[in-house]
Amino acid sequence: MAPPVKKLVVVGHGAAGLAAALSAAEQARDRGLPIEITLLEKSREPEAGGNTRWSPSYMRLAAPDRIAPEFEDDMQKASGGLADRDYYRTLAENAVQTIGWLQAYGVEFTTPIYYLSVGPPRIQPVGGGREIVERLAEAAKKARVSVRYESCAAKLLMTKGSVSGIDVRTADGVLTTLDADAVVLGSGGYQGNPEMMQTHFGQGAGTLKLISPGTQFDTGDGIRIALEQGARISGDWNGMHIEPVDPRSDQSAPVVLVYPYGIVVDQGGRRFFDEGAGLVHETWETFARDLHFARPNSIAYAVLDSRLLEISGYERAIRSDVPPYRSETVEDLAALIGVPARNLHETIETYNASVTRDATRFDATRRDGLATADTLQPPKSNWARRIEKPPYLAYPLIGAIAYTFGGLATNDKAEVLDKTGPIPGLYAAGEITGHFYGTAPNAVSVLRALVFGKIAGQQAVDFLLTRATEA
């Protein structure tokens, strides 16, 4: 007699969900397990892919066949020592193999020049996250994964402490139940849910701009349905990855990352932070969060002079398609951006007077040590050059959220944990899991989604095979 067909449901069509569905299909095929895999995605098919579709998808590897040096130590530093060592060791040990797996499905990689500044080594898929989504989706469908679009996970069902099904709500409001012997959750964080954002980040969090069109679908559904069944939480629930963007642009992630090379002023025309405190990936979260929650009208302006245009490759640090405000005088620039001309003039004069070091040492690619005099408050620790060469330029900046840090507790097998240990048949990967603390480690988000999505799919099949043997 043929063994009964086991059923696996995967929630989410981004890097984590697609990696889980495809790796599960491969594992089931190789081990001779009859399995029915269904992938649920709440968006329409043209929109599917979550944050991954819109992400540049930088990954922290020195090369496709080599993990970045000091990877695990860097994860601990980024988390303030709170990171799960087993989780990140597993990530490091599986990263290269996962990249090779993507390459086998036609994803090609390059070594990008990352904005302007130096930083940890990175690779990037040619075509960005969209290429990952399209290649894995194509392979999953060929592997007979059934994809249901406009289908939202409404409730996780358990029987005798183990996963037994999932309620699904379609776009027309109809609720149906899918039987499931195992479930993988890869449906992202909750940044697209204004109520959850308000609950965890306070007043004003529900109005944060979303960094990409795919971000709107990350509404915490997977987190909610797992918590209802006793799953534990993990990660920094007061943490988010947020970046400074140009509010005039309608493009996805129109970041403006040249602010270290000038000054930033609020609507009163006054400086309020150290623009040169670190490389952009070391300051953008703190800066962008301050923009939204602490600045009047949640906006500020990067003010520079024409020497920005002399920095080789400066365009890489600007993804806005809208040109900066430009003027031959500070007073006219102030009028263009709507700040008091007298205040802006005084701010620039005070700043210029504190710039006393040799400007020929300026180096946009690293911390160059060009600091202002101690009398300037707040100080500027690097890249301090006088703003004096017209035309003067200004970019408006607001904060835009990419993803939240708080999520489900999982182990190095991608199993979702409750108070006693793994919840039988339940797995999770990607932004839905809580493994980030303090700040997002640079170029890790998509990489961990892929690695642990792949692991989740494999582990789910192992679980189903065990259950089939027991039956």
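A few points on the structure. (Residues numbered from 1 in each chain as written. Predicted model: local features only at pLDDT ≥ 70, side-chain atom pairs only at ≥ 80, totals over all residues. Heavy atoms only, no water.)

**Here's the deal with helix α8 (residues 280-294)**
Residues lying three or four places apart along an α-helix face the same way, a consequence of the helix completing one turn every 3.6 residues. Helix length check: α8 (15 residues) gives 20 Å between terminal C-alpha atoms against 21 Å at 1.5 Å per residue, within 8%. Among the residues of α8, those classed as buried are Val 280, His 281, Thr 283, Trp 284, Glu 285, Phe 287, Ala 288, Leu 291 and His 292. Those residues of α8 hidden inside the fold are in contact with β14 (240-245), β15 (263-265), β16 (300-304) and β18 (392-404). (Helix = DSSP H or I, 4+ residues; strand = E, 2+ residues; numbered from the N terminus. Expected span 1.5 Å × (residues − 1). Buried < 20%, exposed > 50% of the residue type's maximum accessible area, 1.4 Å probe, protein only. Contact = heavy atoms within 4.5 Å.)

**Some remarks on the packing of aromatic side chains**
Evaluated as defined, the whole model comprises 14 aromatic pairs. Measuring from centroid to centroid gives 4.5 Å for Phe 273 and Phe 287, while their planes differ by 10°, and the two rings are stacked. Highlighted residues: Phe 273 in the loop between β15 and α8 and Phe 287 in helix α8, separated in sequence by 14 residues. Judged on exposure class, the residue Phe 273 and its partner Phe 287 are both buried. Through a chain of ring-to-ring contacts, three or more aromatic side chains come together here, namely Tyr 259, Phe 272, Phe 273 and Phe 287. The positively charged end of Arg 385 is found above the aromatic ring belonging to Phe 362, 3.7 Å away from the centroid. A cation over a ring is seen here: Arg 448 above Phe 436, with NZ or CZ 4.1 Å from the ring centre. (Phe/Tyr/Trp six-rings, centres within 6.5 Å; stacked < 30°, edge-to-face > 60°. Lys NZ or Arg CZ within 6 Å of the ring centre and 35° of its normal.)

**Thoughts on the sheet that holds strand β9 (residues 162-170)**
Strand order across the open sheet formed by three strands is β8-β9-β10, with antiparallel pairing between neighbours. Both outer strands of the open sheet, β8 (151-159) and β10 (175-179), are each paired with one neighbouring strand and no more. The mean angle between the axes of side-by-side strands here comes to 25°, regardless of whether they run parallel or antiparallel. (Pairing = 2+ DSSP bridges. Axes fitted to C-alpha atoms, helices over the stretch in contact; angles between N-to-C directions.)

**Considerations on the side chain of Asn 382**
The residue Asn 382 is located in the loop between α10 (341-354) and β18 in this model. A polar side-chain atom of Asn 382 sits 2.9 Å from the main-chain carbonyl oxygen of Gly 276. Polar side-chain contacts of Asn 382 include one of 2.7 Å to the backbone nitrogen of Gly 369. With near-sequence residues (within four places) excluded, Asn 382 lies in contact with Pro 260, Gly 276, Arg 367, Asp 368, Gly 369, Leu 370 and Ala 371. (Polar contact = N/O pair within 3.5 Å; in protein donor to acceptor, adjacent residues only side chain to side chain.)

**Brief notes about the environment of Trp 284**
Inspection of the secondary structure puts Trp 284 in helix α8. Distance from Trp 284 to Leu 304, taken between C-alpha atoms, is 18 Å for residues 20 residues apart in sequence. There is a polar contact of 3.4 Å between the side chain of Trp 284 and the backbone oxygen of His 281.

**Things to note about the sheet that holds strand β20 (residues 415-417)**
Pairing is mixed in the open sheet, where six strands are placed in the order β7-β2-β1-β11-β21-β20. Two strands close off the open sheet at either side, each with one partner strand: β7 (146-148) and β20. Along the sheet, successive strands turn relative to each other by an average axial angle of 30°, direction set aside. Relative to strand β2 (residues 35-40), strand β1 (residues 6-11) runs parallel, the two sharing six bridges. Each residue of the ladder has a partner; that of Val 11, found in β2, is Leu 40. Against the sheet, helix α1 (residues 15-31) engages β1, β2 and β11 (182-185), with an angle of about 170° to β2. Packing of helix α11 (residues 445-470) onto the sheet brings it into contact with β1, β2, β11 and β21 (422-428), and relative to β21 it is tilted by some 150°.

**Focus: the nonpolar core**
Most often, soluble globular proteins keep nonpolar side chains buried together rather than apart. Ranked by internal contacts, the top residues of the largest apolar core, which has 119 residues, are Leu 8, Met 59, Tyr 88, Tyr 259, Tyr 261, Leu 447 and Leu 450. Not counting chain neighbours up to four residues away, the residues in contact with Leu 447 comprise Met 59, Arg 60, Leu 61, Phe 71, Leu 91, Ala 95 and Ile 99. Of all hydrophobic cores here, the second largest spans 33 residues; its members include Leu 156, Val 168, Met 240 and Leu 408. (Core = buried A, V, L, I, M, F, W, Y, C linked by side-chain atoms within 4.5 Å.)

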